[in-house]
Protein chains: 2
Amino acid sequence: MDEGLLEVLGEIRKEVDAALEGFLPKPPAAPAPLCEAMAYSIFAGGKRFRPALAILVSQALGAPRERALPAACALEMIHTYSLIHDDLPAMDDDDLRRGKPSSHKVFGEATAILAGDALLTLAFEVAAGSPPEADPAWICRELAAGAGAGGMVAGQVADMAAEGAGGGLDDLEYIHTRKTGALIRAAARVGAISAGAEAETVDLAGRFGEKLGLLFQMTDDILDETARTKDLGKTAGKDAAAGKLTYPALLGLENARETARETASAALTILEEMPCPHRMLALLVEFVLDRPS
Amino acid sequence: MDEGLLEVLGEIRKEVDAALEGFLPKPPAAPAPLCEAMAYSIFAGGKRFRPALAILVSQALGAPRERALPAACALEMIHTYSLIHDDLPAMDDDDLRRGKPSSHKVFGEATAILAGDALLTLAFEVAAGSPPEADPAWICRELAAGAGAGGMVAGQVADMAAEGAGGGLDDLEYIHTRKTGALIRAAARVGAISAGAEAETVDLAGRFGEKLGLLFQMTDDILDETARTKDLGKTAGKDAAAGKLTYPALLGLENARETARETASAALTILEEMPCPHRMLALLVEFVLDRPS
């Protein structure tokens, strides 16, 4: 593992956490239990992967780190809202998230639903407050396209429909490119947009994000098979138990690992086309491929 | 009732419905059940009050009607998402909405939650796609502030907390200015913003929207007491049965009616300060005061 990347990721994480803290509402601006529920899930130990991707792309293209910070925080809010809603009893009914009881176990279903709604809404308020040179309206459109009915929400619908119903590699790719892939792709794109990149470069960043998102989900599936609950922060082996479509389930563990390596390689190839140095982004690909949790 | 206003409201409704139809996703861009659930609630017979307010403000300030159309559609999407989520079993547990079974009764809880999430997300995609002269980033910030943790969501949290717990006029105003008021205020503000109005005029429109929103909620409370379920399209008398805070419950029916008349009068006084003719907006106030449903 490259120490330079780890250090940069640590710095970004600190800056993003400080900015998130500043953006979250506090009483009496919003009801105390709602504020508490929003903060509980935002600060439950997330890796800040999507914010880091947006900021690293933006920085690679020459923008100062703070330029993409509002968009980065918005990405984390959208990601967190989706986890809160996915964990609900009516959805995946998960009691554990990031190693802690999920939102509805702590605050009740109503507050959990509303905390998710409020985080999703706040994401757009924060993204729309990006500096003018970051093109806030375009950032909002990208975030919404990644998170919405054709992106992340579509992936959750398909994921639930597939549960126990089986399916093949096509179904799995449909789910993954949307459920996690669409927002990771959006992260790469808003990073480029906030740096003022040309449409062509934004598309290139999007193709890179697409591969990285796929890789992220592959290693997530592999970790669910191989890691222990304690290391993972969520219930390990749950996918297999629920009959979920996963790469290891469809391809076997070794082939899934090989496919992950190929996907990482494809992401690195796309990076070569970027009109800028991209060392940190290349290291990020290797980090995702080899991540322990 | 003024025929001129009714005609204009009818035209706006047609234009908004056509635009909403165009903005809603269709398969295969999004999963069929999700598209169906989104369209079901959007086209369940809403009065399009918030879109009409935004468009009438925008037009009064001299903008062509289509200028505020994306923001108007976004308002209706946000309003509709809030109804879907409020009706959920974990929230108000309502089986009937706008005279039809509520979303979760038809599509199940998971799809209802996701349809709400997708509508909220789409609202910001559409609002962010407003023409540049309408200041899409500002519109997004206003919509989010009205809909979020300090606005509509805060109102729903407080409304649920107050249920059965009693409370006074202060609690009732806290709830109403947020649960319905904040988005109606935002509607008036985004109408002014989309017309390119000065900040001062945007604030004035917001103060008008605030009074109109309060009035809207007062007549809603009064109708819940006096109308029949058939006319109302939702279960009548439910507020009283649930021990909800309402104006008639706190003030008595006659005093509630008098307070509504005073609020309408205050709204009309604010209108007088507007730097433009505002006949349709004045008629809208009377329409809300005397509305039959």
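Provided above is the structure to which this section pertains.
Residues numbered from 1 in each chain as written. Chains lettered and ligands numbered in written order. Predicted model: local features only at pLDDT ≥ 70, side-chain atom pairs only at ≥ 80, totals over all residues.

Peer 1: Would you explain the overall build of chain A in this entry?
Peer 2: Scanning chain A from N- to C-terminus turns up 16 helices and 2 strands. Taking 293 residues into account, the globule formula puts the C-alpha radius of gyration at 19 Å, and chain A, at 18 Å, falls close to it. C-alpha extents for chain A along the principal axes are approximately 50 × 45 × 35 Å. Looking at chain A as a whole, 57% of its 293 residues are labelled buried. Residue pairs in contact within chain A that sit at least 24 positions apart in sequence constitute 72% of those at least 6 positions apart. (Helix = DSSP H or I, 4+ residues; strand = E, 2+ residues; numbered from the N terminus. Rg over C-alpha atoms; globule rule 2.2 N^0.38 Å. Buried ≥ 20, exposed ≤ 12 C-beta atoms within 10 Å, placed from the backbone. Contact = placed C-beta atoms within 7 Å.)

Peer 1: Please explain the packing of helix H1 (residues 3–23) of chain A against helix H4 (residues 69–86) of chain A as it appears in this structure.
Peer 2: Residue and element names in this part refer to chain A. The contact between H1 and H4 brings their axes to 10 Å, and the two run at 80 degrees. On the basis of their axis angle, the class for H1 and H4 is roughly perpendicular. Contacts between H1 and H4 involve Glu15, Val16, Ala19, Leu20 and Phe23 from the first element and Leu69, Ala72, Cys73 and Glu76 from the second. For the contact of H1 with H4, the residue count by class is 7 nonpolar, no polar and 2 charged. (Axes fitted to C-alpha atoms, helices over the stretch in contact; angles between N-to-C directions. Parallel < 35°, antiparallel > 145°, perpendicular 65-115°, else oblique. Nonpolar A, V, L, I, M, F, W, Y, C, P; charged D, E, K, R; others polar.)

Peer 1: So what exactly am I meant to see when it comes to unusual backbone geometry here?
Peer 2: Residues apart from glycine generally show negative phi values, whereas peptide bonds are mostly found in trans. Across the junction of Pro27(A) and Pro28(A), the peptide omega takes the value 5 degrees, indicating a cis bond. Of note, the phi angle at Asp93(A) is positive, near 50 degrees, even though the residue is not glycine. Residue placement: Asp93(A) occurs in the loop between H4 and strand S1 (96–97). Overall, Asp93(A) belongs to the exposed group, with 12 C-beta atoms counted inside 10 Å. With phi around 60 degrees, Asp135(B) is a residue other than glycine that occupies positive phi space.

Peer 1: Is there a simple way to explain the relation of the copies chain B and chain A in this structure?
Peer 2: Superposition of the two copies of the chain requires a rotation about an axis together with a shift along that axis. If you rotate chain B by 180 degrees and push it 0.0 Å along the axis, it lands on chain A with an RMSD of 0.0 Å. Such a combination of turn and shift is consistent with a two-fold rotation axis. Scanning chain B for the C-alpha nearest the rotation axis identifies Ala137(B), at a separation of 2.5 Å. (Least-squares fit on C-alpha atoms with pLDDT ≥ 70 in both.)

Peer 1: I tried to follow helix H8 (residues 152–162) of chain A on my own but got confused; where do I start?
Peer 2: Spacing of three or four residues puts side chains on the same side of an α-helix, whose turn is 3.6 residues. Residues and elements named next belong to chain A. Counted residue by residue, H8 has 9 buried out of 11 residues, so it is predominantly covered. Among all positions in H8, only Met152, Val153, Ala154, Gly155, Gln156, Val157, Ala158, Asp159 and Met160 are buried. Phi turns positive one or two residues past the end of H8, at Gly164, with a value near 80 degrees.

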